[in-house]
Amino acid sequence: MSGETTITIIGNLTNEPELRFTQTGTAVATFTIASSPRVYNKQLERWEDGEALFMHCSAWRDLGEHVCESLTRGTRVIASGQLRMRTYETNEGEHRTVFEMTVDEIGPSLRFATAKPVRAARKTQTGGVPDPWANTASSGDKPPF
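Because the structure is a prediction, the values reported are computed rather than measured.

Caption draft 1: Broad picture of the overall build of the chain. In terms of helices and strands, the chain carries one helix and eight strands. Shown N-terminal to C-terminal, the secondary structure of the chain runs as helices and strands in the order β-β-β-β-β-β-α-β-β. When each of the 145 residues of the chain is scored for burial, the buried share is 23%. Of the contacts formed within the chain by residues at least 6 apart in sequence, a portion of 58% connects residues at least 24 apart.

Quick look at the structure:
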C-alpha cells in the first residue's frame, strides 16, 4: 500500500508463536523478534552485542498458521512487513505508544541453519470453485490456460 512504512528485521523468535482466531474466525499469529546489533570494539579487539530491539509482530490468515507450524522459539528469522504505531491508555490513565509490525513475509535465516520448504496445500476459492493449481499430483494434463 502506498505510504506504508515497510521494514525488514533479522533476529530470533523470543517465544513460540501463538495462534489465535478473531470472532469472525480469521487466524492471527503473534510473536516477538529480538534483534541485537553486533559491533566491533577496537580497544578490546572483540565483537560485542549492542542493545536489543524487541519487535512485537503479527501475521494474519494462512501466513499466521504457517508461522506457527514452521517456526519455533530461538529460530533466526528474516521478516518484512508494515511498521505500525498504536497508542492506548493504561488502567492507571497513562498514555502509551507502541510500535508493532504486521508481517507480510517471513522465513528462517539460512545463514546458520538449513530448511526444507514444503508447499502448503491451497484451500478452495470463495464461492466453492476449486482452485485448479491446488492439485499437487502430476497428472500429465495440460495447464488450465
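Resuming the write-up.
Caption draft 2: Expanded view of the side chain of Ser58. By the secondary structure assignment, Ser58 is in strand β6 (residues 53-60). Taking relative accessible area as the criterion, Ser58 reaches 14% and is therefore assigned buried. Those residues within four positions of Ser58 in sequence are excluded, and the remaining contacts are Val28, Ala29, Thr30, Met101, Thr102 and Val103.

Caption draft 3: Local environment of the nonpolar core. Core analysis: the largest hydrophobic core is formed by 14 residues, its most contacted members being Phe31, Ile33, Cys57, Met101, Val103 and Ile106. Those elements that place two or more of their residues in this core are β1 (6-13), β3 (27-35), β6, β7 (76-89) and β8 (95-108). Aside from chain neighbours lying at most four places away, what touches Phe31 is Leu13, Pro17, Met55, His56, Cys57, Ala59, Val67, Val103 and Ile106.

Caption draft 4: Region of the structure containing the environment of Arg46. If you trace the backbone, Arg46 turns up in strand β5 (residues 46-49). Arg46 gets classed as partly exposed once you look at its relative accessible area, which sits at 47%. The contacts of Arg46, once residues within four sequence positions are left out, are Val39, Tyr40 and Asn41.

Caption draft 5: Here's a closer look at the pattern of salt bridges. Evaluated as defined, the whole model comprises six salt bridges. Residue Arg20 is joined to Glu18 by a salt bridge in which the shortest nitrogen-to-oxygen separation is 2.6 Å. You can call Glu18 partly exposed: its relative accessible area is 36%.

Caption draft 6: Focus on the pairing of β1. Summarising the sheet, β1 and β7 pair through seven bridges and their orientation is antiparallel. Paired with Asn12 across the strands is Arg76, a residue of β7. In terms of strand pairing, β1 meets β3 through two bridges, oriented antiparallel. What sits directly across from Asn12, in β3, is Ala34.

Caption draft 7: Structural detail: the packing of aromatic side chains. On inspection of all chains with the given rule, the structure shows one aromatic pair. Ring plane angle 65° and centroid distance 5.4 Å describe the contact between Tyr40 and Trp47, whose orientation is recorded as edge-to-face. Exposure remark for Tyr40: the relative accessible area of 42% places this residue in the partly exposed category.

Basis of the calculations
- What you see as residue numbers is a count from 1 along each chain, following the sequence as written.
- The predicted nature of this model means local features are confined to residues of pLDDT at least 70 and side-chain atom pairs, given and counted, to a pLDDT of 80 or more, with totals for whole chains, interfaces and linings taken over all residues.
- No hydrogens and no water enter the side-chain calculation; it runs on all heavy atoms of the structure.
- Helix numbers and strand numbers start at the N terminus; a helix is a DSSP run of H or I with at least 4 residues, a strand a run of E with at least 2.
- Each residue is placed in one exposure class: buried if its accessible area under a 1.4 Å probe, protein chains only, is under 20% of its type's maximum, exposed if it is over 50%, and partly exposed if it falls in between.
- The contact criterion used throughout is that any non-hydrogen atoms of two residues lie within 4.5 Å.
- Nonpolar cores are built from buried Ala, Val, Leu, Ile, Met, Phe, Trp, Tyr and Cys residues. Side-chain atoms within 4.5 Å join them into one set.
- By definition here, a salt bridge exists when the distance from a side-chain nitrogen of Lys or Arg to a carboxyl oxygen of Asp or Glu is within 4 Å.
- Think of it this way: DSSP has to see at least two bridges between two strands before they count as a pair.
- Pairs were defined over the aromatic rings of Phe, Tyr and Trp, the Trp ring being its six-membered one, requiring ring centres within 6.5 Å. Orientation was assigned from the angle between planes: stacked under 30 degrees, edge-to-face over 60, tilted for the rest.

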